[in-house]
Amino acid sequence: MSYSSLAAAVRDLEQHGMLRRIKIEVDPNLELAEIHRRVFDRQGPALLFENVKGSPFPALSNLYGTFERTEWLFRKTLDSVQRVLELRANPESGFKNIPRYLGAPFTALKALPRKVRTGPIMQGTTTIDQLPQHVSWPMDGGAFVTLPQVYTEPPKTPNVMQGNIGMYRIQLSGNEYVLNHEIGLHYQLHRGIGVHHTMFNESDEPFRASIFVGGPPSHAMAAIMPLPEGLSEMTFAGMLGGRRFRYIRHNGFVLSADADFVITGIIRKGEKKPEGPFGDHLGYYSLTHDFPVMDVEAVHHRKNAIWHCTVVGRPPAEDSSFGHLIHQIVRDQTPKEFPGLHNLNAVDAAGVHPLLLAVGSERYMPFREPRPEEILTIANHILGSGQTSLAKYLFITAPMSGEKVPYSKDIPAFFDYVLERLDPTRDLHFQTKTTIDTLDYSGTGWNGGSKVVFAAHGNKLRSLATTIPSDLKLSSGFTNPTIARPGILAIQAPEFSDHAAAQTEISALTQQLSPRLLDQGIVMIVLVDDSDFLAATLNNFVWVTFTRSNPSHDIYGVGASIEHKHWGCTGP
């Protein structure tokens, strides 16, 4: 299905019973977001809010609210996009399987962006305060664009094939921004737009940017897709949408001809303003920091424009479908990118980046006692590559001869397999004083933290406990021990004032706990503020344990010691 606009997708979804119109007035300040969350949690339809308080424009949310609906939107093009990316990743495959890849070059050629003189986006103009002032969480610093497509080009390069479209947070109001004249852009200098920012700082040209909102559903997907070198977001949007990306050059700016809205402006080169806080995709607020500010030149919109928005928060949320679609498109490329890797799961419920589960190969020394070897090489490759380098926790294992390892997407079975084989004296490998996701506040500073690899391979060492050992002894203040998962014990811990106090209290606890717990099937103990909450669901377990912690500072061990700079423990 080829959609020429967001409205066309809305009509198609409605005809197939996948969209509901909400005709009563809805406040974009918190109320719209709460309706969205409740419908998303029930795997409900896309929502068209026809009467948004304070705005003449309707708003669409939950478009990608289920994996099935997301795949359905691109049902006619997914396979052809997969073939193009496979061929780009491995050109030799075109000669090995000619029937599969015969049409791939033409798919890309037919998707090249197309310059037009005018388009629907030129039909009207408005101001920032007339846009739906969408606020998702009570402490948010103002209204935000939650599904923006931010377009920039390098200086002296008016060529869309050299341009970048990325999804960077846009704050429309609040803080110190002058309403209708200034907006905030949240991005880091290592991202595509940040590279352009650095280049403009060294030039005398104004740093122009265009922010597209809406348009065919493939356009938002293109803004978040990690693309191979040389493939533009506009071309990818054309392939995924089955329709060339149409653009206009107007007053020095690039406009998406089919977008619902385009905000144009000049990013100040040497000035920043406070942006945030913002209830973010890891499930807590990213705080206020200084980020680039843009002087607004114009706000264009098409006739009957629809404001496309979403709600981010504790995962899973609507943006989980982005990761799902990316996986569907590149799943066959993963073994080629990481030799020896069979499958990899960036766990959505943990926020994608914090926790990776992987199954690899062990082929180095097949004639001696099995131990982690090749999977450590694979782990280093994973933590040194692209988006997977943002991970904090990586659990990796490999099958024994004649044995089948659970698929990494089967999280309960995968954890059982790893914990049955984990040797905590040997299998934990830390990277300290390194970088983590900028939006992750669990580390030692902004963009700073640590990583750990749990690499387990060998014969089964234990059966995992499903009941609390009868001889468990806790030190004062630690209460309510609960089995969260087989082999994993949650304990309610007292609130601590700082890390020094925590170290003292946990040191006393580890002295109280017996290393024999490992033999009794307790491999991991998680200290939390609410052990019942952690144990209630699998999603609670992975979010609390791996999203809200910093490995180097928050992993302790019963019977812990350091041998030649390698940390390990004899108990849990």
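A short tour of the structure in this document, coming up. Computed from a predicted model, the values in this text were never measured in an experiment.

1. Side note on helix 15 (residues 499-512)
The end-to-end C-alpha distance of helix 15, which contains 14 residues, comes to 20 Å, matching closely the 20 Å that a straight helix rising 1.5 Å per residue would cover. Among all positions of helix 15, only A502, I506, L509 and T510 are buried. Viewed along the axis of helix 15, the buried residues span an arc of 95°, placing them on a single side of the element. Exposed positions of helix 15 whose direction lies more than 90 degrees from the buried face are T504 and Q511. Among the structural elements, strand 26 (524-528) are those in contact with the buried residues of helix 15.

2. Topic: the nonpolar core
One recurring pattern in soluble globular proteins is that nonpolar side chains are buried together. One finds L60 and F236 to be the most contacted residues of the largest nonpolar core, which totals 54 residues. Formed by 39 residues, the second largest nonpolar core is a distinct cluster that contains A349, F415, V418 and L464.

3. Quick word on helix 9 (residues 217-224)
Burial runs high along helix 9: seven of the eight residues are buried. For helix 9, every residue scored as buried is listed here: P217, S218, H219, A220, M221, A222 and A223.

4. Comments concerning the pairing of strand 10 (residues 182-186)
Burial analysis of strand 10 places five of its five residues in the buried class, the great majority of the element. Pairing of strand 9 (residues 169-171) with strand 10, which is carried by three bridges, proceeds in the antiparallel orientation. Bridging from a neighbouring strand, Q171 pairs with G184 of strand 10. Alignment of strand 10 against strand 17 (residues 289-301), held across three bridges, turns out to be antiparallel. Residue pairing in the sheet places I183 in a bridge with M294 of strand 17.

5. Re unusual backbone geometry
Cis peptide bonds are those with omega within 30 degrees of zero, and the linkage from G276 to P277 qualifies with -5°. On the secondary structure map, P277 appears in the loop between strand 14 (261-275) and strand 15 (278-279). Following P315, the chain continues into P316 via a peptide bond in cis, with omega recorded as 0°. Mapped onto the fold, P316 is located in the loop between strand 18 (307-308) and helix 11 (320-330). Although it is not a glycine, K565 sits at a positive phi angle of roughly 70°.

6. Examining the sheet that holds strand 24 (residues 479-485)
The three strands lie next to each other as 24-25-26, forming an open sheet whose pairing is mixed. The open sheet terminates on both sides in strands that have one partner only, identified here as strand 24 and strand 26. Each strand of the sheet is rotated relative to its neighbour by a mean of 25°, with strand direction disregarded. Note: strand 25 (residues 488-492) against strand 26, five bridges, orientation parallel. Within strand 26, the residue paired with I491 across the bridge is L527.

7. A word on the sheet that holds strand 19 (residues 343-346)
The strand order across the open sheet built from five strands is 19-20-21-23-22, with neighbouring strands paired in mixed fashion. Every interior strand has two partners, whereas the edge strands, strand 19 and strand 22 (428-435), have only one. On average, adjacent strands in this sheet sit at an angle of 15° to one another, irrespective of strand direction.

8. A look at the environment of I193
If you trace the backbone, I193 turns up in helix 8 (residues 192-201). The class of I193 is buried, set by a relative accessible area of 0%. Filtering out sequence-adjacent residues up to four positions away, I193 remains in contact with V150, T152, N164, Y168, L185, Y187, F207 and I267.

9. What about the packing of aromatic side chains?
For the coordinates displayed, the defined rule picks out 17 aromatic pairs. Between F395 and F546, the ring centres sit 5.7 Å apart and the planes meet at 80°, which makes this aromatic pair edge-to-face. Here F395, found in strand 21 (residues 393-397), pairs with F546, found in helix 18 (residues 538-547); they are 151 residues apart in sequence, far enough to count as distant. The two residues F395 and F546 agree in class, both being buried. Geometrically, the ring pair formed by F541 and F546 is edge-to-face, given 5.7 Å between the ring centres and 80° between the ring planes. F541 gets classed as buried once you look at its relative accessible area, which sits at 0%. Residue F546 is classed as buried on the basis of its relative accessible area, which comes to 2%. By way of ring pairs, the aromatic residues Y393, F395, F414, F415, F454, F541 and F546 are connected into one cluster. Sitting over the ring of W543, R548 keeps its end group 5.1 Å from the ring centre.

10. Things to note about the side chain of D12
With respect to the helices and strands, the residue D12 is situated in helix 1 (residues 6-15). Looking at D12, the relative accessible area reads 6%, which means it is buried. Within the structure, the side chain of D12 is placed 3.5 Å from the side chain of R75, a separation counted as a polar contact.

11. Here we look at the pattern of salt bridges
Side chains that carry opposite charge are capable of pairing whenever their charged atoms lie near each other. With the rule as written, the count across this model stands at 26 salt bridges. In this structure, K156 engages E205 in a salt bridge whose closest nitrogen and oxygen atoms are separated by 3.6 Å. Linking K156 in the loop between strand 7 (149-152) and strand 8 (164-166) with E205 in the loop between helix 8 and strand 11 (207-213), this pair joins segments that are 49 residues apart in sequence. We classify E205 as partly exposed; its relative accessible area is 22%. Residues R371 and E373 are paired through a salt bridge, measuring 3.4 Å at the closest nitrogen-oxygen approach. Residue class for R371 comes out partly exposed when judged on its relative accessible area of 39%. According to the relative accessible area criterion, E373 is buried, its value standing at 16%.

12. Some thoughts on the side chain of T510
On the secondary structure map, T510 appears in helix 15. Of note is the side chain of T510, whose polar atom sits 2.8 Å from the backbone oxygen of S507. Discounting chain neighbours no more than four positions away, the residues touching T510 are G557 and V558.

Cut-off values and rules
Residues numbered from 1 in each chain as written. Predicted model: local features only at pLDDT ≥ 70, side-chain atom pairs only at ≥ 80, totals over all residues. Heavy atoms only, no water. Helix = DSSP H or I, 4+ residues; strand = E, 2+ residues; numbered from the N terminus. Expected span 1.5 Å × (residues − 1). Buried < 20%, exposed > 50% of the residue type's maximum accessible area, 1.4 Å probe, protein only. Arc of directions from axis to C-beta. Contact = heavy atoms within 4.5 Å. Core = buried A, V, L, I, M, F, W, Y, C linked by side-chain atoms within 4.5 Å. Pairing = 2+ DSSP bridges. Axes fitted to C-alpha atoms, helices over the stretch in contact; angles between N-to-C directions. Phe/Tyr/Trp six-rings, centres within 6.5 Å; stacked < 30°, edge-to-face > 60°. Lys NZ or Arg CZ within 6 Å of the ring centre and 35° of its normal. Polar contact = N/O pair within 3.5 Å; in protein donor to acceptor, adjacent residues only side chain to side chain. Salt bridge = Lys/Arg side-chain N within 4 Å of Asp/Glu carboxyl O.

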